[in-house]
Amino acid sequence: MSSPKVIFGFHAVGVRLKSAPASVIEVYFDPSRRDARMRQFVHRAQEAGARLIESDGVRLARLAGSHGHQGVAARVHPIELARSLDDLLDELEAAGKVPLLLVLDGVTDPHNLGACLRVADGAGAHAVIAPKDNAAGINATVAKVASGAAETMPYFMVTNLARTLTELQERNIWCVGTSDDAPGTVYDADLDRPLALVLGAEGTGMRQLTRKRCDELVSIPMAGAVESLNVSVASGVCLYEAMRQRRAAQA
């Protein structure tokens with residue numbers, strides 16, 4: 001089994017207690033917090049059979065590597081998700097499911113990655129993909145921002161993103177990239193198909209080679225003064241439009 005890791009924040013620890021209580025080794029909490037949220041959290045941890053350890057803010061900050069722990073942290077065993085992207089795609093094909101993937105090119109901020117994982121989980125995506133270089137990895141900050149989605153959403157960091165997109169296309173997965181100068185919008189595109197949505201970092205966008213590998217480019221309409229959206233917001237717009245189209249097709 002992989003080495004234990006630390007997660008922190010009410011959402012991240014709460015989701016783990018709910019979804020995989022056996023993986024929780026121990027829960028640390030600040031007893032000086034006596035508000036309703038903390039009382040409810042402690043009660044939930046007790047119901048899950050977790051070992052509770054009283055800890056002050058200094059110890060919690062040291063455990064979490066951050067002062068944004070909200071008074072709670074936990075040592076947990078990692079949950080094993082799909083071991084590889086190929087394994088996941090094989091499982092989806094065997095189950096007759098239509099892949100919905102989010103591909104992030106150049107997203108290095110852990111807060112943005114955490115938010116992208118959260119919105120991908122909410123929209124029913126099957127995985128998030130990013131390059132090994134010039135991309136954020138999963139850490140405690142990502143886990144906190146993701147509010148539990150870092151524990152449930154497979155995140156694959158690949159050596160060569162352009163080659164990975166080609167391999168997805170060989171599996172008949174349509175790769176749709178976002179670009180401000182694309183002639184059509186995300187609302188004009190057919191997203192009710194095996195799909196990989198490809199987004200770049202705010203400002204710089206996708207790299208040219210990534211852009212060239214996409215089957216189609218779309219834009220997100222902007223009606224105000226700002227020129228672009230944060231990558232996690234843009235991910236949400238695209239993923240939920242894909243969800244909307246899929247549900248409409250099934251109705």
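In the block above lies the structure referred to throughout.
Everything numeric here is computed off the predicted structure, so don't read it as measured data.

(A) Representation of the pattern of salt bridges within the structure. Scanning all chains against the criterion turns up nine salt bridges. Between Arg51 and Glu26 there is a salt bridge, and its shortest N-O distance comes to 2.7 Å. With Arg51 in the loop between α2 (36-47) and β3 (52-54) and Glu26 in strand β2 (residues 24-29), this residue pair connects regions lying 25 residues apart in the sequence. Assessed through its relative accessible area of 52%, Arg51 is described here as exposed.

(B) A look at the packing of helix α5 (residues 110-122) against helix α9 (residues 231-250). Relative to each other, α5 and α9 sit at 10°, their axes nearing to 9 Å. Considering their axes alone, α5 and α9 lie roughly parallel with respect to each other. Contacts between α5 and α9 pair Asn112, Ala115, Cys116, Val119, Ala120 and Gly122 from the former with Val231, Ser232, Ser235, Gly236, Leu239, Tyr240 and Met243 from the latter. Residues that form the contact of α5 with α9 fall into these classes: eight nonpolar, five polar and no charged.

(C) Structural context of the environment of Ser147. For Ser147, the location among the structural elements is in the loop between α6 (140-146) and β7 (155-158). Look at Ser147 and you get buried, because its relative accessible area is 12%. The residues contacting Ser147, other than those within four sequence positions of it, are His11, Ala12, Val15 and Arg118.

(D) Summary view of the sheet that holds strand β6 (residues 127-131). As summarised here, the arrangement of the seven strands in space is β7-β6-β5-β10-β8-β11-β9, forming an open sheet in which the pairing is parallel. Each edge of the open sheet carries a strand with a single partner, namely β7 and β9 (184-185). Where β9 and strand β11 (residues 216-219) come together, two bridges link them in parallel fashion. Pairing of Gly184 across the sheet is with Val218, part of β11. Sheet strands in contact with α9 are β5 (100-105), β8 (174-178) and β10 (195-200), and its direction is about 160° off that of β10.

(E) Inspection of the layout of surface pockets at higher detail. Taken as a whole, the largest pocket encloses approximately 440 Å³ of empty space. As for the largest pocket, its lining consists of 21 residues, of which Thr178, Ser179, Asp180, Gly205 and Ser228 are closest to the centre. When residues of the lining of the largest pocket are traced back to their parent elements, those giving at least two are β10, α8 (208-213) and α9. Tallied by class, the residues present in the lining of the largest pocket amount to eight nonpolar, nine polar and four charged.

(F) Focus on helix α4 (residues 85-94). Along α4, the residues that are buried comprise Leu85, Leu88, Leu89 and Leu92. Seen along its axis, α4 keeps its buried residues to an arc of 95°; they face one direction. In this fold, the buried residues of α4 make contact with β5, β6, β7 and α7 (161-170). One or two positions beyond α4, positive phi appears at Gly96, with a value near 70°.

(G) Inspection of the side chain of Ser232 at higher detail. As for its position among the elements, Ser232 is in helix α9. A distance of 2.5 Å separates the side chain of Ser232 from the side chain of Asn230, its partner in a polar contact. Discounting chain neighbours no more than four positions away, the residues touching Ser232 are Asn112, Ala115, Cys116 and Val119.

(H) The packing of aromatic side chains, seen in detail. Applying the stated rule across the entire model yields one aromatic pair. The ring of Trp174 has Arg193 sitting right over it, with the charged end atom 4.5 Å from the ring centre.

(I) Seen up close, the packing of helix α1 (residues 10-19) against α2. The contact between α1 and α2 brings their axes to 10 Å, and the two run at 25°. On the basis of their axis angle, the class for α1 and α2 is roughly parallel. The two elements α1 and α2 cross, and the hand of that crossing is left-handed. Each of Phe10, His11, Val13, Gly14 and Leu17 in α1 lies in contact with α2, whose residues at this interface are Arg37, Met38, Phe41, Arg44 and Ala45. Counted by class, the contact of α1 with α2 contains six nonpolar, two polar and two charged residues.

(J) Geometry of unusual backbone geometry. Of note in the backbone geometry, Gln70 takes a positive phi value of approximately 65° without being a glycine. One can find Gln70 in the loop between α3 (57-64) and β4 (72-76). According to the relative accessible area criterion, Gln70 is partly exposed, its value standing at 29%.

About the criteria used
- Residues numbered from 1 in each chain as written.
- Predicted model: local features only at pLDDT ≥ 70, side-chain atom pairs only at ≥ 80, totals over all residues.
- Heavy atoms only, no water.
- Salt bridge = Lys/Arg side-chain N within 4 Å of Asp/Glu carboxyl O.
- Helix = DSSP H or I, 4+ residues; strand = E, 2+ residues; numbered from the N terminus.
- Buried < 20%, exposed > 50% of the residue type's maximum accessible area, 1.4 Å probe, protein only.
- Axes fitted to C-alpha atoms, helices over the stretch in contact; angles between N-to-C directions.
- Parallel < 35°, antiparallel > 145°, perpendicular 65-115°, else oblique.
- Contact = heavy atoms within 4.5 Å.
- Nonpolar A, V, L, I, M, F, W, Y, C, P; charged D, E, K, R; others polar.
- Pairing = 2+ DSSP bridges.
- 1 Å grid on protein atoms, 1.4 Å probe; cavity = no way out; pocket = protein on both sides within 12 Å on 5 of 7 lines; lining within 4 Å.
- Points joined across faces, edges and corners; volume = space filled by probe spheres on them.
- Arc of directions from axis to C-beta.
- Polar contact = N/O pair within 3.5 Å; in protein donor to acceptor, adjacent residues only side chain to side chain.
- Phe/Tyr/Trp six-rings, centres within 6.5 Å; stacked < 30°, edge-to-face > 60°.
- Lys NZ or Arg CZ within 6 Å of the ring centre and 35° of its normal.
- Left-handed = near helix turned anticlockwise from the far one by under 90°.

Functional significance is not addressed by these values, which are geometric in nature.
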